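Understanding the architecture of this molecule
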Amino acid sequence: MQLYEYQKTVARALRGGKNVILQAPTGSGKTMAALWPFLESWDRGRSSDFPTKCIYAVPMRVLANQFVDECRRIATQDMVLAEIPDIAIQTGERPHDRELASDVTFATIDQVLSSFLHMPFSLPRKLANLNAGAIAASYLVFDEFHLFDPLSTLPTTLEMLKMLRGVAPFLLMTATFSSGMLADLAGLLNAVVVPGDTNQREEMLNLPVERSKSRYYHWPNTPLSADEIIQKHNHRSMVVCNRVERAQEIYGALRNHPALGNTEVLLLHSRFLPQDRSGKEQRVRDLFGKAVDRSSGSAIIVATQVVEVGLDISAEVLHTELAPANAVLQRAGRCARFQDETGHVYVYPVDSPLPYKGQEAIIQLTGEWLQDHDGKRLSFLAEQALVDFAHGDSDGKILQGLRATTWKHRQRMQAALNGDRESAGDLVRKITSQQITISANPDALLARPFAAPMFSLHPGTLQGKAKAWLENTAISPENDLIWRLQEADSEQESDVPHYFWQPVRTESMLRGASLVAIHPALADYNADEGLILDKSGAFKAEDHITAVSSTARKGAGWVTLYRLESYEEHIRLVYEAFERTTWRELERAATRLEQRAGWPNGSLKQAAQLAVLFHDLGKLAKAWQNWVTEWQKTIGKPVESGFWAAHTDFDGQNARHVELQKKMRKRPPHAVESAVASSPLLAAVFREQPQLLKAAFSAIARHHGAFSSNFQPYDIAGSAKNPVSRTVDLSPDLAGILDSSKLRLRDDPSRTPISLILIDAADSDGLLAYMLLARALRRADQLGTAKGAVAG
């Protein structure tokens with residue numbers, strides 16, 4: 001396989017330990033440049049050279065199946081790998097990798113940032129610390145990062161990358177960023193820019209796809225209309241609108257146009273159910289893909305920003321509403337995209353800047369530049385001139401703002417990492433979408449609310465509609481029509497979350513909601529037009545929800561079946577899962593972090609081993625074991641005297657078990673208690689590395705609740721040290737560090753200064769250590785518990 005020179009430059013830089021900012025034309029192979037160094041290393045099993053996981057982040061607006069298809073094509077056809085990596089999509093609409101367990105995960109930027117900040121949109125609050133370690137241990141790719149919101153997503157991404165510097169390699173990619181912005185970002189992140197000089201930029205013009213195609217830009221100075229589209233149509237046309245409602249309007253006008261003839265018209269936007277959208281994307285590829293004969297047949301796509309990223313398609317004519325220059329050029333990248341093609345881009349003025357509020361000046365400058373270049377053929381360098389003209393001043397102000405607000409933004413990130421979402425502010429929310437479903441009986445969805453058919457809406461759109469609905473007495477009678485999903489607080493051992501619906505009385509109550517249900521009186525859905533707001537209909541989620549087995553999820557899933565299991569057996573299974581599976585994805589990052597922080601080689605693995613071995617010490621308390629004895633007797637399966645249990649018999653699908661447990665006294669907590677009990681052992685090992693002591697303590701304390709900090713008095717019997725001693729012997733690495741015959745547990749928890757032991761989010765090295773340890777422990781605990789349930 002022959003790579004372009006710029007793709008080789010990217011690979012060399014990444015392998016040399018440098019982070020990269022890549023600017024290349026649309027259709028020039030940026031995806032190959034991003035994936036090739038990772039796949040080549042993954043195929044050869046060189047985990048010390050490169051991470052074993054890749055998280056590929058794109059803007060919120062789109063995540064097409066084509067990313068997965070392209071990755072598989074590169075692996076199977078271009079590189080011909082002996083084995084194909086596990087590839088998945090993780091978005092609000094397609095939550096196929098909630099725990100970021102795949103080798104390659106294509107995710108929206110909100111999923112990545114929220115996971116790192118311990119407020120994952122994909123998981124319940126009690127599992128909020130599960131995914132951050134996966135991000136810290138991955139090769140990170142950020143595609144089209146010029147589309148990140150400059151007030152929320154962009155600064156959060158940059159702060160995260162500064163925290164990960166030297167630990168997780170990253171690649172930022174764009175086709176449209178001002179030259180000044182690129183240079184300043186490179187300095188801020190200590191990254192290299194490709195192309196880095198005039199010669200490399202000239203080489204971009206000589207790429208086959210760039211040298212042979214011709215793309216002309218036009219300014220009709222009239223509003224976009226069906227008449228304009230039909231008049232200029234030949235075989236393949238694309239129409240891009242700024243808002244879904246406008247796209248639906250244009251689509252309807254084209255479908256009813258008397259001159260349409262046999263032309264096929266497709267509508268594509270973000271408010272389709274995944275199965276319907278996938279079918280539409282496939283049809284678009286069939287009609288507009290690279291191998292298609294676009295000189296025959298007739299088709300028109302009407303779309304929104306969803307076509308700006310991820311669809312490898314090309315049209316002869318592209319009609320777009322005026323938007324910021326970088327968005328216009330992204331859309332234009334779907335016109336005359338392939339070699340030897342000629343295309344025409346028509347840009348139409350708009351009356352409203354939405355959804356680009358705050359970028360009015362950029363939009364105006366974009367329009368002025370295009371008017372001055374009406375009818376001109378623009379090369380890649382000319383398109384960059386447009387970006388510099390329209391975005392240069394704004395980008396400079398953005399960078400000034402980033403520098404001025406760095407401290408305040410980091411404070412908000414620390415608040416989020418400590419579980420304080422209210423103080424976290426707009427770290428992700430400004431560009432993220434919120435998930436909604438349509439239901440006349442939302443309680444019917446509570447067993448698995450996120451398995452319901454869901455749609456994405458911008459928070460501003462949702463709140464605006466909700467305000468109108470709530471104020472309209474004709475459609476808002478006394479009965480509730482809008483609800484937000486709430487997660488019940490619980491630190492019980494099972495990771496299964498419990499939910500309830502809260503009626504929405506004001507639009508402000510929708511902020512931060514993970515899922516919103518609206519009544520069919522307010523909206524409808526069909527596979528042709530998608531979600532239609534302000535139109536009552538018959539669509540109800542409860543008629544379409546499908547059962548999803550726990551085995552269909554990535555990773556171990558949420559265990560609801562437990563078998564009576566001894567303490568020693570459980571620790572053995574969890575330790576085996578740690579050694580065989582979970583530490584492998586984290587080991588490279590741990591080594592890099594040790595080097596950065598100046599910790600002894602292998603010390604993070606020791607901390608992880610101790611966390612695994614001691615994470616359930618609190619279960620050896622007399623009160624916890626007494627509860628086991630009482631429960632087993634209640635269900636008719638008593639335990640023998642002297643049996644140290646880690647799990648009881650319990651079937652979450654067994655109605656009798658569920659009812660009996662409701663009548664039992666509450667099971668004593670054990671997670672924070674385990675951390676307190678193990679604190680003398682942790683202190684003995686990490687007396688010279690207090691950050692590792694805190695990280696291990698916090699990982700144990702929060703292995704069932706991501707923000708747990710309280711504990712109850714406990715009493716551990718002296719004989720409990722026997723099973724603990726035997727489990728310590730599972731790790732030969734600890735033989736010279738801990739004497740299993742002389743273990744000392746903390747038997748007086750009242751003297752433990754827990755506030756001084758829990759991790760501080762302001763300590764970047766300690767925080768990353770905690771993220772890795774929490775990931776290692778929680779994943780190993782999932783896998784070991786699941787295996788114990790099956791073995792039982």
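Everything numeric here is computed off the predicted structure, so don't read it as measured data.

Conventions adopted
The residue numbers shown here count from 1 along each chain, following its written sequence. It should be noted that, the model being predicted, local features are given only for residues of pLDDT at least 70 and side-chain atom pairs only at 80 or more, the latter also being counted only at that level, while totals for whole chains, interfaces and linings use all residues. Based on all heavy atoms of the structure, the side-chain values leave hydrogens and waters out of the count. Every helix listed is a DSSP run of H or I at least four residues long, and every strand listed is a run of E at least two residues long, numbered separately from the N terminus. Based on C-alpha atoms, the radius of gyration is set beside the globule rule, defined as 2.2 Å times the residue count to the power 0.38. To sort residues, take the accessible area from a 1.4 Å probe on protein chains only and compare it with the maximum for the residue type: under 20% means buried, over 50% means exposed, and anything in between is partly exposed. Stacked, edge-to-face and tilted labels apply to pairs of Phe, Tyr and Trp rings (six-membered ring for Trp) whose centres lie within 6.5 Å, assigned for plane angles under 30 degrees, over 60, and everything in between, in that order. Strands are treated as partners if at least two bridges between them are detected by DSSP. Angles run from 0 to 180 degrees between N-to-C directions of axes, and those axes are lines fitted to C-alpha atoms, restricted for helices to the stretch in contact. Two residues qualify as a contact provided that any one of their heavy atoms is within 4.5 Å of a heavy atom in the partner residue. When two cysteine sulfur atoms are found within 2.5 Å, that pair is recorded as a disulfide. Definition of a polar contact: a pair of N or O atoms within 3.5 Å, with one able to donate and the other able to accept a hydrogen when the atoms are protein atoms, and with sequence-neighbouring residues admitted only if both atoms are side-chain atoms. One less than the residue count of a helix, multiplied by 1.5 Å, gives the span that helix is expected to have. On a range of 0 to 100, pLDDT expresses the predictor's confidence in each residue. For the purposes of this section, nonpolar cores are sets of buried Ala, Val, Leu, Ile, Met, Phe, Trp, Tyr and Cys residues that join through side-chain atoms within 4.5 Å. Small angles under 35 degrees read as roughly parallel and large ones over 145 as roughly antiparallel, with 65 to 115 read as roughly perpendicular and the rest as oblique. Crossing handedness is read from the near helix: turned anticlockwise from the far helix by less than a right angle, it gives a left-handed crossing, and turned clockwise, a right-handed one. Amino acid classes used here: Ala, Val, Leu, Ile, Met, Phe, Trp, Tyr, Cys and Pro are nonpolar; Asp, Glu, Lys and Arg are charged; the rest, including Gly, are polar. Should a side-chain nitrogen of Lys or Arg be within 4 Å of a carboxyl oxygen of Asp or Glu, the pair is scored as a salt bridge.

Regarding the overall build of the chain
- Along the chain, the regular secondary structure elements total 27 helices and 24 strands.
- Its C-alpha atoms give the chain a radius of gyration of 28 Å, within 12% of the compact-globule value 28 Å for 792 residues.
- The principal-axis extents of the C-alpha atoms in the chain amount to approximately 85 × 65 × 50 Å.
- Here the chain, with 792 residues, has 57% of them falling under the buried criterion.

Description of the packing of aromatic side chains
- Overall, the coordinates contain 15 aromatic pairs when judged by the stated rule.
- Between the aromatic rings of tyrosine 56 and phenylalanine 106, the centroid separation amounts to 5.0 Å while the plane-to-plane angle is 45 degrees, which identifies the pairing as tilted. Taken as a pair, tyrosine 56 in strand β2 (residues 54-58) and phenylalanine 106 in strand β4 (residues 104-108) lie far apart in primary sequence, 50 residues in all. Per residue, the accessibility class of tyrosine 56 equals that of phenylalanine 106, and both read buried.

Some points on the sheet that holds β2
- Reading across the sheet, the seven strands line up as β3-β4-β2-β5-β6-β1-β7 and stay open at both edges, with parallel pairing between neighbours. Strand pairing shows two members of the sheet lacking a second neighbour, β3 (87-90) and β7 (191-194), which therefore form its edges. Taking the axes of each pair of neighbouring strands and ignoring which way they run, one obtains an average angle of 15 degrees across the sheet.
- Pairing between strand β5 (residues 139-142) and strand β6 (residues 170-174): three bridges, direction parallel. Looking across to β6, one finds that phenylalanine 142 is bridged to leucine 172.
- Packed onto the sheet, helix α1 (residues 5-15) meets β1 (19-23), β5, β6 and β7 and runs at close to 160 degrees relative to β1.

A short note on the state of the cysteines
- Inspection of every chain in the model, using the stated rule, returns zero disulfides.
- Free cysteine: cysteine 54, not disulfide-bonded; nearest cysteine sulfur from cysteine 71 at 7.5 Å.
- Exposure remark for cysteine 54: the relative accessible area of 1% places this residue in the buried category.
- You can see cysteine 335 has no disulfide; the closest cysteine sulfur is in cysteine 241, sitting 16 Å from it.

Observations concerning the sheet that holds strand β15 (residues 455-457)
- The mixed open sheet is built from five strands, whose spatial order is β15-β14-β18-β16-β17. At either margin of the open sheet sits one strand with a lone partner, and together these are β15 and β17 (499-503). Pairwise comparison of adjacent strand axes, ignoring direction, gives a mean angle of 35 degrees for this sheet.
- Sheet topology places strand β16 (residues 482-487) next to β17; five bridges connect them, and they run antiparallel. If you follow glutamate 487 over to β17, its bridge partner there is tyrosine 499.

Here's the deal with the pairing of strand β9 (residues 236-240)
- For β9, the tally of buried residues reaches five of five residues, placing the bulk of the element in the interior.
- Residues Arg236, Met238 and Val240 of β9 are buried on one face, and the alternating residues Ser237 and Val239, pointing to the opposite face, are buried as well.
- Where β9 lies against strand β11 (residues 299-303), five bridges are found, and the strand directions are parallel. When the sheet's bridge partners are listed, valine 239 is paired in β11 with valine 302.
- Summarising the sheet, β9 and strand β12 (residues 317-321) pair through four bridges and their orientation is parallel.

So, unusual backbone geometry
- Between valine 194 and the following residue, proline 195, the backbone shows a cis peptide bond with an omega angle of 5 degrees.
- With an omega dihedral of 5 degrees, the bond running from leucine 354 to proline 355 counts as a cis peptide bond.
- Within the secondary structure, proline 355 is located in the loop between β13 (342-348) and α14 (360-372).
- One non-glycine residue, valine 80, adopts positive backbone phi at about 50 degrees.
- Secondary-structure assignment places valine 80 in the loop between α3 (66-78) and β3.
- A positive phi angle, near 50 degrees, is found at leucine 100, a position not held by glycine.
- Checked against the element boundaries, leucine 100 lands in the loop between β3 and β4.

Details of the side chain of arginine 271
- Its location among the elements puts arginine 271 in the loop between β10 (264-268) and α12 (274-288).
- A residue is classified by how much of its surface remains accessible, and arginine 271, at 7% relative accessible area, is buried.
- In this structure the side chain of arginine 271 is engaged in a polar contact, spanning 3.1 Å, whose partner is the side chain of glutamate 245.
- Aside from chain neighbours lying at most four places away, what touches arginine 271 is Val244, Glu245, Phe455, Ser456, Leu457, Thr461, Tyr525, Gly530, Leu531 and Leu533.

Topic: the side chain of glutamate 585
- Here glutamate 585 is to be found in helix α19 (residues 567-597).
- For glutamate 585, a relative accessible area of 14% translates into the label buried.
- The residues touching glutamate 585, leaving out its near neighbours within four places in the chain, are Thr52, Lys53, Ala137 and Arg775.

Regarding the pairing of β6
- Burial runs high along β6: five of the five residues are buried.
- The alternating pattern of β6 places Phe170, Leu172 and Thr174 and Leu171 and Met173 on opposite faces, both of which are buried.
- In this structure, β1 lies alongside β6, joined through four bridges in parallel fashion. Within β6, the position partnered with leucine 22 by the bridge is methionine 173.

Some details on helix α20 (residues 603-614)
- Over its 12 residues, α20 runs 16 Å from end to end, which matches the ideal 16 Å to within 8%, given 1.5 Å per residue.
- Among the 12 residues that make up α20, 10 are buried, leaving the element largely enclosed by the rest of the structure.
- Inspection of α20 places Ser603, Leu604, Ala607, Ala608, Gln609, Leu610, Ala611, Val612, Leu613 and Phe614 among the buried residues, and these make up the whole buried set.

Structural notes on the environment of glutamate 99
- As for its position among the elements, glutamate 99 is in the loop between β3 and β4.
- Considered as a pair, glutamate 99 and proline 120 are 21 residues apart in the sequence and their alpha carbons are 9.7 Å apart.

Brief notes about the confidence of the model for the chain
- Looking at the chain as a whole, its pLDDT mean stands at 87, while 93% of the residues score no less than 70.
- Here residues 547-557 is modelled with pLDDT under 50, and outside its nearest four sequence neighbours on either side it reaches 20 contacts, counting other chains as well.

Here we look at the nonpolar core
- Among the nonpolar cores identified, the biggest contains 108 residues, and Phe116, Phe142, Phe145, Leu604 and Phe614 are the most heavily contacted of them.
- Contacts of phenylalanine 614, omitting those with residues within four sequence positions, involve Ser674, Ser678, Leu681, Ile700, Val724, Val728 and Leu738.
- Listed in part, the 42 residues of the second largest apolar core include Leu3, Tyr6, Met79 and Met173.

Observations concerning the packing of helix α21 (residues 622-634) against helix α22 (residues 655-663)
- Running from N to C, α21 and α22 cross one another at 135 degrees; their axes reach a closest spacing of 11 Å. Classified by the angle their axes make, α21 and α22 are oblique. Every pair of crossing elements has a handedness; the one defined by α21 and α22 is right-handed. Across the interface between the two elements, Trp627, Trp631 and Thr634 of α21 pack against Arg656, His657, Leu660 and Gln661 of α22.

A short note on the packing of helix α2 (residues 30-44) against α3
- Contact geometry of α2 with α3 gives a least axis separation of 11 Å together with a crossing angle of 60 degrees. Overall, the two elements α2 and α3 adopt an arrangement that is oblique. Here the hand of the crossing between α2 and α3 comes out right-handed. When α2 is examined against α3, the residues Thr31, Met32, Leu35 and Leu39 are found in contact with a partner set consisting of Glu70, Cys71, Ile74, Ala75 and Asp78.
- The residue makeup of the contact of α2 with α3, split by class, is six nonpolar, one polar and two charged.

A closer look at the pattern of salt bridges
- For the structure on display, the rule yields 36 salt bridges.
- Put simply, glutamate 245 and arginine 271 hold a salt bridge, and the shortest N to O gap is 3.1 Å. Taken as a pair, glutamate 245 in helix α11 (residues 244-255) and arginine 271 in the loop between β10 and α12 lie far apart in primary sequence, 26 residues in all.
- For lysine 465, the salt bridge is made with aspartate 534, and the minimal N-O distance between the two is 2.5 Å. Residue lysine 465 is found in helix α18 (residues 459-471), and its partner aspartate 534 is found in the loop between β20 (530-533) and β21 (561-562); the two are separated by 69 residues along the sequence.
- Overall, the relative accessible area of 22% leaves lysine 465 in the partly exposed class.
- Judged by relative accessible area, which is 47%, aspartate 534 ranks as partly exposed.
- One connected set of salt bridges, linked through shared partners, spans Arg15, Glu40 and Arg44.

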